[in-house]
Amino acid sequence: MLAEPLRYGENPHQSAGFYRTPEQRPGVATARQLQGKQLSYNNINDTDAAYECVAEFDPERAAAVAIIKHANPCGVAEGDSLAEAYDKALRCDPTSAFGGIVALNRPLDGEAARRIVEIFTEVIIAPDASDEAVAIVAAKKNLRLLVAGGLPDPRAPGLSLRTVAGGFLSQARDNAVVDEMALKVVTRRAPRNRELADLKFAFRVAKHVKSNAIVYAREGATVGIGAGQMSRVDSSRIAAWKAAEAARSAGLSESLAKGAVVASDAFFPFADGLLAAAEAGATAVIQPGGSMRDDEVIRAADNAGLAMVFTGHRHFRH
């Protein structure tokens, strides 16, 4: 059903419309827009990506914030408060966050709203918002504020559709979650408790990064993300470079990759991507496994002193 015609699609010369299905999955299609300009085609696409990503993080466990640009996370973090989570997420890539989408797993409060409006933001989406937060956001008349009434369940079944010339592809939604995966330690060294928590965090984020995806994480926050590259080693190098750039932006002398963990959405076909992570200072790796060269990659991890776990689940996102 046509919900509303849009000014244009991805580019001004493309016509577009926003259609709703009967599915009542909390998100951009069911949300109430409290203020701001009409959502664009790109806004809707990116806001959906942001809200699906932040829903991976249980609000009962911690506050979480995802900042999305062009349907890819440029910063995701957990914290004791939304404001703390936002600051940690923003540190990952403050340049890309400009003009981005911010999604929260708890109702937007005044403290978080004050932090978010400090830079240009296109859309904020949250389960709800306090009166104070609404008033703060209202000062930015073009900023869209959406309240969805709840979070989508990352475990729920559903369909994903994509058109191709002369037809369309249909597949089950990727509803695999790392908390339910049987992680297998494949290196001599097992990950420490802190590393294991960060490995699971990074793999949750990697699920929502365009493949080939590499995610560096430390202390419940992304610190470097490599997305959408044709080779996995390039994604690994880009993520390490992003971590170094984030450190420079924060006035730090040492890359944020130092002491971080790394998630890969699919197996390392060669050891080069893993070695790039080790050279950047990573200490542990999570990946699906299943390569013909797994033994070679495991040996490289052992030689570098890395801990590595296999999930047995791939998270391609094309």
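Refer to the structure presented above.
So, how was this worked out
- Residues numbered from 1 in each chain as written.
- Predicted model: local features only at pLDDT ≥ 70, side-chain atom pairs only at ≥ 80, totals over all residues.
- Heavy atoms only, no water.
- Buried < 20%, exposed > 50% of the residue type's maximum accessible area, 1.4 Å probe, protein only.
- Helix = DSSP H or I, 4+ residues; strand = E, 2+ residues; numbered from the N terminus.
- Arc of directions from axis to C-beta.
- Contact = heavy atoms within 4.5 Å.
- Pairing = 2+ DSSP bridges.
- Axes fitted to C-alpha atoms, helices over the stretch in contact; angles between N-to-C directions.
- Phe/Tyr/Trp six-rings, centres within 6.5 Å; stacked < 30°, edge-to-face > 60°.
- Polar contact = N/O pair within 3.5 Å; in protein donor to acceptor, adjacent residues only side chain to side chain.

(A) Representation of helix H5 (residues 131-138) in the model. Turning to H5, its buried residues number three or more, namely Ala133, Ile136 and Val137. The arc that holds every buried residue of H5, seen down its axis, measures 95 degrees, which confines them to one face. Residues of H5 that are exposed and point over 90 degrees away from its buried face: Asp131 and Ala135. Summarising the contacts, the buried residues of H5 are in contact with strand E3 (32-35), helix H4 (110-116), strand E7 (121-126) and strand E8 (144-147).

(B) Structural view of the sheet that holds strand E11 (residues 184-185). One open sheet accounts for six strands, arranged E11-E16-E15-E14-E12-E13; its pairing is mixed. Every interior strand has two partners, whereas the edge strands, E11 and strand E13 (222-226), have only one. As defined by bridge partners, strand E14 (residues 261-264) adjoins strand E15 (residues 284-287) across three bridges and the pair is classed as parallel. Of the residues in E15, the one forming a bridge with Ala263 is Ile286. Taken strand by strand, helix H8 (residues 272-280) contacts strand E12 (214-217), E14, E15 and strand E16 (307-310), and its axis lies near 25 degrees from that of E12.

(C) Looking closely at unusual backbone geometry. Following Ser211, the chain continues to Asn212 via a peptide bond in cis, the omega torsion being 0 degrees. Within the secondary structure, Asn212 is located in the loop between helix H6 (193-206) and E12. Of note in the backbone geometry, His70 takes a positive phi value of approximately 55 degrees without being a glycine. When you line up the elements, His70 lands in the loop between strand E4 (63-69) and strand E5 (72-79). The exposure class of His70 is exposed, given its relative accessible area of 62%.

(D) Examining the packing of aromatic side chains more closely. Counting across every chain of the model gives two aromatic pairs. Centre to centre, the rings of Phe57 and Phe201 are 5.2 Å apart; their planes meet at 45 degrees, and the pair counts as tilted. Highlighted residues: Phe57 in the loop between helix H1 (41-54) and E4 and Phe201 in helix H6, separated in sequence by 144 residues.

(E) Spotlight on the side chain of Thr311. Relative to the assigned elements, Thr311 resides in the segment after E16. Among the polar contacts listed, one links the side chain of Thr311 to the backbone oxygen of His313, at a separation of 2.9 Å.

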